[in-house]
Amino acid sequence: RSRRGGTGRAPGHSGSAMDAPSAAGLGGADPQLQRFIEVETQKQRFQQLVHQMTELCWEKCMDKPGPKLDSRAETCFVNCVERFIDTSQFILNRLEQTQKSKSAFSESLSD
């Protein structure tokens, strides 16, 4: 359990600490460099998501590790991953809708 707490905090903390100064200092930087940093940031976010999903589903579905994955655990893993992806997608869509409604509200105020 101590590994879980340390792993969850370290990537998120180092990622946000590194991303903010890099993004802020790129105003006049080479577009190719900006694109490279965007791609690397996306890779980092994806890896972080995979780590979160693996940790969550392992804790939920793996009672006692053995040489083979039984059908109950396999079904649990499949369902867990699918629900994790569904939830992540729902949250992203909801945030996008919220952003759109905020900008629409801001535009209506400025009219």
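Model, not experiment: these values are computed from the prediction. (Residues numbered from 1 in each chain as written. Predicted model: local features only at pLDDT ≥ 70, side-chain atom pairs only at ≥ 80, totals over all residues. Heavy atoms only, no water.)

S.K.: Can you lay out the environment of Leu49 for me, pointing to particular residues and giving the numbers?
M.R.: By the element assignment, Leu49 lies in helix H2 (residues 31-61). You can call Leu49 partly exposed: its relative accessible area is 35%. Considering only alpha carbons, one finds Leu49 and Ser88, 39 residues apart in sequence, at a separation of 9.2 Å. In contact with Leu49, not counting residues within four places along its chain, are Phe84 and Ser88. (Helix = DSSP H or I, 4+ residues; strand = E, 2+ residues; numbered from the N terminus. Buried < 20%, exposed > 50% of the residue type's maximum accessible area, 1.4 Å probe, protein only. Contact = heavy atoms within 4.5 Å.)

S.K.: Give a detailed account of the state of the cysteines, specifying residues and quantitative values.
M.R.: Two cysteines whose sulfur atoms are joined by a covalent bond form what is called a disulfide. Summed over all chains, the structure comprises 2 disulfides. With a sulfur-sulfur separation of 2.0 Å, Cys57 is cross-linked through a disulfide to Cys80. Given an S-S torsion of about -90°, the disulfide between Cys57 and Cys80 has left-handed geometry. Residue Cys57 is located in helix H2, and its partner Cys80 is located in helix H3 (residues 71-110); the two are separated by 23 residues in the primary sequence. Disulfide pairing places Cys61 opposite Cys76 at an S-S distance of 2.0 Å. Handedness here is read from the sign of the S-S torsion; for Cys61 and Cys76, about -75°, the answer is left-handed. Placement of Cys61 in helix H2 and of Cys76 in helix H3 is noted, with a sequence separation of 15 residues between them. Sequence-ordered numbering of the bonded cysteines in the chain gives a pairing of 1-4, 2-3. (Disulfide = S-S within 2.5 Å.)

S.K.: Tell me about the packing of aromatic side chains, and name the residues and values.
M.R.: Counted by the stated rule, this structure contains 1 aromatic pair. With a centroid separation of 6.2 Å and an interplanar angle of 45°, the aromatic rings of Trp58 and Phe77 are classed as tilted. Of this pair, Trp58 sits in helix H2 while Phe77 sits in helix H3, placing them 19 residues apart in sequence. We classify Trp58 as partly exposed; its relative accessible area is 41%. (Phe/Tyr/Trp six-rings, centres within 6.5 Å; stacked < 30°, edge-to-face > 60°.)

S.K.: Break down the pattern of salt bridges for me, citing the residues and quoting the values.
M.R.: Using the criterion set out here, one finds 6 salt bridges in the structure. In this structure, Lys43 and Glu40 form a salt bridge, with 3.2 Å as the shortest nitrogen-oxygen distance. In this pair, Lys43 and Glu40 both sit in helix H2, 3 residues apart, roughly one turn of the helix. Put simply, Arg72 and Asp63 hold a salt bridge, and the shortest N to O gap is 3.0 Å. What makes Asp63 exposed here is its relative accessible area of 61%. What emerges from the salt-bridge pattern is a single network uniting Glu82, Arg83 and Asp86. (Salt bridge = Lys/Arg side-chain N within 4 Å of Asp/Glu carboxyl O.)

In short, shape yes, function no, at least from these values alone.
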